[in-house]
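# Residue-level structure breakdown
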Amino acid sequence: MRLFSKIDVQVGPRAARLRAALLAIAAAALLSSAGCGHHPMTDYRPLLKAGMSSASIEQLKKLDASDAETLQLVSAKQAGISDDTCVALVTTAHQNRRTFTSADAVNSLAGAGFGEPQILEIARVDKLDTISGDAVTLRLIGLSDSTVQNLLQRHLLDQPTLSSGEIARLKNTGLTEAQVMERINQGMTDEQAEKEVLARTTARNHYGTGFTHIRGRRPR
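Right, let's walk through the structure included here.

## Structural notes on the environment of Thr189
Along the chain, Thr189 falls in the loop between helix 11 (177–185) and helix 12 (190–206). Measuring from C-alpha to C-alpha, the distance between Thr189 and Thr161 comes to 7.2 Å, with 28 residues separating the pair along the chain.

Written out as structure tokens, the structure reads:
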């Protein structure tokens, strides 16, 4: 009995320390799992109803898409976005370390005539929400495809360019696309553009309003 009691005394503290270490490891693993944002219970049925294939849904499961992302993709599918692009949008968002929440921007771009490759190009640099409004406005202004693509590339490369609003104002004063692009390439800012718009508008409003002496027959 004395032998066993000695062993209990010696082994007891070691076992307690081991149990404490195991509990700490388990707790850390639990916290880590909770922080990774796993979504094992995501309901993918709305995507099936929206017409997404089961193969694409399996890809989304591997990406661990959330319920919120699923609803975003339902909106995109209803706007005509393909399965492949939907999966790519979620993949790209996760690579940028965020969830996909930009269905409205995607739908707006698609509605304005931007192709899915262009939309994905914007998504890869994580700028769907920041430049989609300007990009759509460029289409509405009536600029040519080449000019729109040129301006879009400047946005994607973070090169200085005029806002779509100032471009529209400059065009409304009578400047051509080539003249607007010339000013952009020269580094014109929105503030400078606004000053030119004001000057050109003022000049146009005063054109032909100067005093002109009308000659007539002298009275006898």
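## Section: the pattern of salt bridges
Enumeration according to the criterion identifies eight salt bridges in this entry. A salt bridge links Arg45 to Asp43; its shortest N-O distance comes to 2.9 Å. Arg45 gets classed as exposed once you look at its relative accessible area, which sits at 57%. Taking the shortest distance from any N to any O, the salt bridge between Lys61 and Glu58 comes out at 3.3 Å. Of the two residues, Lys61 and Glu58 are both situated in helix 3 (residues 54–62); the distance of three residues between them amounts to about one turn of the helix. Look at Lys61 and you get partly exposed, because its relative accessible area is 41%.

## Some details on the environment of Lys171
Along the chain, Lys171 falls in helix 10 (residues 164–172). On the accessibility criterion, Lys171 (25% relative accessible area) is partly exposed. Taking C-alpha positions, Lys171 is 8.7 Å from Ile141, a pair spaced 30 residues apart along the chain. Discounting residues that sit within four places of it in the chain, Lys171 has contacts with Ile141, Leu143, Glu177 and Val180.

## Some words on helix 6 (residues 103–111)
When helix 6 is considered as a whole, its buried residues turn out to be Ala103, Ala105, Val106, Asn107 and Leu109. Looking at the buried residues of helix 6, the elements they touch are helix 4 (67–78), helix 5 (83–95), helix 7 (116–124) and helix 8 (128–141). Residue Gly113 follows helix 6 closely and has a positive phi angle near 100°.

## Observations concerning unusual backbone geometry
With a phi angle near 65°, Arg97 is a residue other than glycine that sits in the positive phi range. Relative to the helices and strands, Arg97 resides in the loop between helix 5 and helix 6. Of note, Asp158 is a non-glycine position whose phi angle comes to about 60°, a positive value. Turning to its location among the elements, Asp158 is positioned in the loop between helix 9 (145–156) and helix 10. Relative accessible area serves as the criterion here: at 60%, Asp158 is assigned to the exposed category.

## Side note on the side chain of Ser102
Positionally, Ser102 belongs in the loop between helix 5 and helix 6. Setting aside chain neighbours within four positions, we find Ser102 in contact with Gln72, Leu128 and Asp129.

## Side note on helix 5
End to end, helix 5 covers 18 Å across 13 residues, agreeing with the expected 18 Å (1.5 Å per residue, within 8%). Taken together, the buried positions of helix 5 are Asp83, Thr85, Cys86, Val87, Leu89, Val90, Thr92 and Ala93. At its buried positions, helix 5 is contacted by helix 3, helix 4, helix 6, helix 7 and helix 8. Immediately beyond the C-terminal end of helix 5, within one or two residues, lies Arg97, with a positive phi of roughly 65°.

Definitions and limits used
- Residues numbered from 1 in each chain as written.
- Predicted model: local features only at pLDDT ≥ 70, side-chain atom pairs only at ≥ 80, totals over all residues.
- Heavy atoms only, no water.
- Helix = DSSP H or I, 4+ residues; strand = E, 2+ residues; numbered from the N terminus.
- Salt bridge = Lys/Arg side-chain N within 4 Å of Asp/Glu carboxyl O.
- Buried < 20%, exposed > 50% of the residue type's maximum accessible area, 1.4 Å probe, protein only.
- Contact = heavy atoms within 4.5 Å.
- Expected span 1.5 Å × (residues − 1).

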